[in-house]
Amino acid sequence: MTGSAVNNAPLHATRTDAPDTDSAPRIGSVPGAITPVGTTVSVRVPGSTGNVGPGFDSLGLALGHYDTVTLTRIERGLEFDLSGEGAAGVPRGPEHLVIRAMQAAFDAAGAGELPPLRLRAHNAIPHGRGMGSSASAVVAGVLAANALLPASHRLSPDAVLQVCSHMEGHPDNVAPTLLGGLTISYEDEGRFHSVPVRVHPDVVPVVAVPDFEVATSVARGLLPEMIAHRTAAVNAGRAALLVAALGERPELLVPATFDLLHQPYRAQAMAPSCELMTRLRDLGHAALISGAGPTVLTLANGAEHAGRVAAAIEEIAADAASSAHEYQGRTVTWRVHVLRVPEEGAKVSVSTQ
Ligand SMILES: Nc1ncnc2c1ncn2[C@@H]1O[C@H](COP(=O)(O)OP(=O)(O)O)[C@@H](O)[C@H]1O
Ligand SMILES: N[C@@H](CCOP(=O)(O)O)C(=O)O
């Protein structure tokens, strides 16, 4: 999730840019209007990889690695039952990201304060690793809140995209989390748009998740204000090629995942990841820094190739001479997951007691 420093300021976060729902009547004071006590909303939400190499703040790919978030309307208070990745480190109060996202959805719908809730979350998406955990939390919160609202106040799919993208500050993670597959997102006069693109079934994401975190806000703070025209031209070409490679021509994934726009500037914050990525690319694999890092994502061409990538990661990580193995006097440990690209995004289900 994006912070508030100059380089990572949300693109357009003013209320005038927010969804046009200000004319909706406020319903927070009408108890019967919001789904009754006992109602439970569950959201199964995938992770995502932003940028996918050269498509900074635009391209995004859903990753088949899921958090499950369940909200129950209760009589009073705000309760938490959290487990899995990051559970010990997140606040248990109104500042919890899922609750903040729910309130943002209620605000956009003109619905006032959230009702009393119990939040149960089981997280598989690691925090601060570039696999879109904050976007998934935001999407889960906004979709859960929407399901609690009466039909008359529910946000449209476009309004959901606006609220989620404004909260994140960039749309490339929330779009595939909402829609699945590959998405091309862009911002135009304060509104976010996203186009889903079919992904070739042979594309297999392999992630290597290191044991250290880099906050997205920190990684964005490392980016320069200006880049050379030549650099922009190289990246534009590779980003365009990447859409073709992911959709039709996976054999082109190595040249298509080359980036000069963000990865080189962020290397100082994730040296072991850059070493692993470089070694994998030297072996002919389409490795890149996932999102703002430090996870290394390799896009394999078929299941057999994915197995070879996983084996190569294990071998490089075991090489005592490599900074992917030992960095600043300590051993870096990596978790490797062979995932898939889900065709569908977050799924919501509602039940009543
Ligand atoms: N499921 C979650 N529940 C609560 N907070 C979350 C959740 N996922 C992410 N966050 C918050 O977002 C932060 C990570 O966001 P960010 O730095 O953007 O990394 P990432 O690449 O994982 O999205 C966490 O430290 C935490 O504060
Ligand atoms: N385009 C963003 C993507 C951040 O993804 P995350 O998963 O690291 O939050 C960026 O590169 O900053």
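From a predicted model like this one, the values you see are computed outputs, not experimental measurements.

With domains assigned, the chain is organised as domain 1 (2–196 + 342–352) and domain 2 (203–338). Distance from the C-alpha centre of domain 1 to the C-alpha centre of domain 2: 27 Å. Tallying the contact residues gives 28 residues for domain 1 and 39 residues for domain 2. Taking both partners together, domain 1 and domain 2 bury about 2500 Å²; carbon and sulfur atoms supply 59% of that area.

Right, let's get into the site of ligand 2. Around ligand 2, the structure places 15 residues, and the nearest of them are Asn51, Asp57, Asp172, Thr216 and Arg220. Measuring from an oxygen atom of ligand 2, one finds a side-chain N or O atom of threonine 216 at 2.8 Å. In the environment of ligand 2, an oxygen atom lies 2.9 Å from a nitrogen or oxygen atom belonging to the backbone of alanine 292. Burial of ligand 2 by the protein amounts to 99% of the accessible area it has alone, namely 340 Å².

Moving on to the packing of aromatic side chains. For the coordinates displayed, the defined rule picks out 0 aromatic pairs. The positively charged end of arginine 44 is found above the aromatic ring belonging to tyrosine 66, 3.7 Å away from the centroid.

Turning our eyes to something else, we now look at the pairing of strand β3 (residues 78–84). Sheet topology places β3 next to strand β4 (residues 117–123); 7 bridges connect them, and they run parallel. When the sheet's bridge partners are listed, glycine 84 is paired in β4 with asparagine 123. Crossover handedness for the path β3 to helix α1 (residues 97–108) to β4: left-handed.

As a further point, take the packing of helix α9 (residues 271–282) against helix α10 (residues 303–318). For any two helices packed against each other, one specifies the crossing angle of their axes together with the interaxial distance. One can describe the packing of α9 onto α10 by two numbers: an axis separation of 10 Å at closest approach and a directional angle of 130°. With respect to α10, the axis of α9 lies oblique. When the axes of α9 and α10 are compared, the crossing they make is right-handed. In contact with Leu276, Arg279 and Leu280 of α9, α10 contributes Val309, Ala312, Ile313 and Ile316. Partitioning the contact of α9 with α10 into residue classes produces 6 nonpolar, no polar and 1 charged.

What follows deals with the UniProt feature "binding site: ATP" (unreviewed entry) in the chain. Cross-referencing UniProt, the feature "binding site: ATP" (unreviewed entry) maps to Pro126, His127, Gly128, Arg129, Gly130, Met131, Gly132, Ser133, Ser134, Ala135 and Ser136 in the present numbering. Note that serine 133 resides in helix α2 (residues 133–148). For serine 133, a relative accessible area of 14% translates into the label buried. Those residues in contact with serine 133 that lie beyond four places of it in its chain are Ile125, Pro126, His127 and Gly128. Along the chain, serine 136 turns up in helix α2. Residue serine 136 is classed as buried on the basis of its relative accessible area of 0%. Look past the residues within four positions of serine 136 in its chain and what remains in contact with it is Val45, Pro46, Gly47, Ile125 and Thr177.

So, about α2. Taking 1.5 Å of rise per residue, the 16 residues of α2 would be expected to cover 22 Å, and the 23 Å separating its terminal C-alpha atoms lies within 8% of that figure. The buried fraction of α2 amounts to 16 of the 16 residues, a majority that puts the element mostly inside the structure.

This paragraph deals with the side chain of arginine 73. As for its placement among the helices and strands, arginine 73 is situated in strand β2 (residues 59–73). Within the buried core, arginine 73 has no salt-bridge partner, and the shortest N-O distance to an opposite charge, that of glutamate 75, equals 7.1 Å. Non-local contacts of arginine 73, meaning those with residues more than four positions away in its chain, are made with Ile34, Thr35, Pro36, Val37, Gly38, Thr39, Pro115, Pro116, Leu117 and Leu148.

To continue, consider α10. End to end, α10 covers 23 Å across 16 residues, agreeing with the expected 22 Å (1.5 Å per residue, within 8%). Of the positions making up α10, those classed as buried are His305, Ala306, Val309, Ala310, Ala312, Ile313, Ile316 and Ala317. Taken down its axis, α10 places every buried residue within 160° of arc, on the same side. What points out from α10, more than 90 degrees from its buried face, is the exposed set Ala303, Glu304, Glu315 and Ala318. Elements that come into contact with the buried residues of α10 comprise β7 (203–210), α9, β9 (296–301) and β12 (334–338).

Now for the UniProt feature "domain: GHMP kinase C-terminal" (unreviewed entry) in the chain. As recorded in UniProt, the feature "domain: GHMP kinase C-terminal" (unreviewed entry) lies at residues 259–315. When the span residues 259–315 is considered, its composition is 51% helix and 18% strand, and the gap between its end C-alpha atoms is 25 Å.

What counts as what
Residues numbered from 1 in each chain as written. Chains lettered and ligands numbered in written order. Predicted model: local features only at pLDDT ≥ 70, side-chain atom pairs only at ≥ 80, totals over all residues. Heavy atoms only, no water. Domains from an automatic or database assignment. Contact = heavy atoms within 4.5 Å. Buried area = accessible area lost by both parts, 1.4 Å probe. Near = heavy atom within 4 Å. Polar contact = N/O pair within 3.5 Å; in protein donor to acceptor, adjacent residues only side chain to side chain. Areas by Shrake-Rupley, 256 points an atom, 1.4 Å probe, with all protein chains shown as cover. Phe/Tyr/Trp six-rings, centres within 6.5 Å; stacked < 30°, edge-to-face > 60°. Lys NZ or Arg CZ within 6 Å of the ring centre and 35° of its normal. Pairing = 2+ DSSP bridges. Helix = DSSP H or I, 4+ residues; strand = E, 2+ residues; numbered from the N terminus. Right-handed = clockwise from strand over helix to strand, strands pointing away. Axes fitted to C-alpha atoms, helices over the stretch in contact; angles between N-to-C directions. Parallel < 35°, antiparallel > 145°, perpendicular 65-115°, else oblique. Left-handed = near helix turned anticlockwise from the far one by under 90°. Nonpolar A, V, L, I, M, F, W, Y, C, P; charged D, E, K, R; others polar. UniProt positions renumbered as here; feature names shortened; annotations may be inferred. Buried < 20%, exposed > 50% of the residue type's maximum accessible area, 1.4 Å probe, protein only. Expected span 1.5 Å × (residues − 1). Lys, Arg positive; Asp, Glu negative; His and termini not counted. Salt bridge = Lys/Arg side-chain N within 4 Å of Asp/Glu carboxyl O. Arc of directions from axis to C-beta.

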